[in-house]
Amino acid sequence: MHSEVVAVLDAPSLDQIETDLLIVGAPTHAFGLSRPTTREDAHQRGGELLEFGIREWLESDPVSLRVATFDTHVRHPNLPGHAGQKAAKKLKKLGCTILANSESFFVEGYEGPLLPGELDRARKWGQDLATRLRNHG
Ligand SMILES: Cc1cc2nc3c(=O)[nH]c(=O)nc-3n(C[C@H](O)[C@H](O)[C@H](O)COP(=O)(O)O)c2cc1C
């Protein structure tokens, strides 16, 4: 199975994509998908300033792709709201089929890195997706 990882800034527009499965991941910002203000805040904390995010990328014409979503999220405090779930809702509205429930992977503190074990959990999640995809036909 061939896979490709693309940053949102380099991604083709959603309606140009042809793939068996599109996986969309985003950091959770202010209980959901990032906005210009939250990305500015992340930049103030030392991150790169990104002028475009998944929220903007998902402002698209209808598409009928098979998709799954995930996010990164703080563990403590256990805040409500997950960027992956918000992205899944938008993708469903656009006409996509959701292959699996969105998953969150937890980071240390507010800024990361990923907590121990999370990368393994992400790998397993990816393997489960591949199995579902095969069974889905
Ligand atoms: C402005 C801002 C708002 C955030 N809001 C939340 C939040 O509501 N819930 C949460 O779990 N994490 C929140 N975080 C933490 C981010 O989820 C975390 O920094 C990110 O997932 C790390 O991934 P990255 O290194 O790819 O950005 C926020 C971070 C920033 C900068």
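Above: the structure in question.
These figures come from a predicted structure and were not determined experimentally. (Residues numbered from 1 in each chain as written. Predicted model: local features only at pLDDT ≥ 70, side-chain atom pairs only at ≥ 80, totals over all residues.)

**Quick look at the site of the ligand**
Taken together, 18 residues form the shell around the ligand, and within it Pro27, Asp41, Ala42, Thr72 and His73 come nearest. Contributing elements (two or more residues each) for the shell around the ligand: helix H1 (36-44) and strand S2 (66-74). Of the residues assigned to the shell around the ligand, the class counts are eight nonpolar, seven polar and three charged. (Near = placed C-beta within 6 Å. Helix = DSSP H or I, 4+ residues; strand = E, 2+ residues; numbered from the N terminus. Nonpolar A, V, L, I, M, F, W, Y, C, P; charged D, E, K, R; others polar.)

**Describing the nonpolar core**
Counting 13 residues, the largest nonpolar core has Val24, Ala26, Ile54, Ala87 and Leu91 as the members making the most contacts within it. Sorting the residues of this core by element identifies strand S1 (22-27), S2 and helix H3 (83-94) as the ones contributing at least two each. Looking at which element gives the most residues to this core, the answer is H3, with four residues. Among all residues touching alanine 26, those that are not within four sequence positions of it are Leu33, Ser34, Gly53, Ile54, Asp71, Ala83, Gly84 and Ala87. (Core = buried A, V, L, I, M, F, W, Y, C linked by C-beta atoms within 7 Å. Buried ≥ 20, exposed ≤ 12 C-beta atoms within 10 Å, placed from the backbone. Contact = placed C-beta atoms within 7 Å.)

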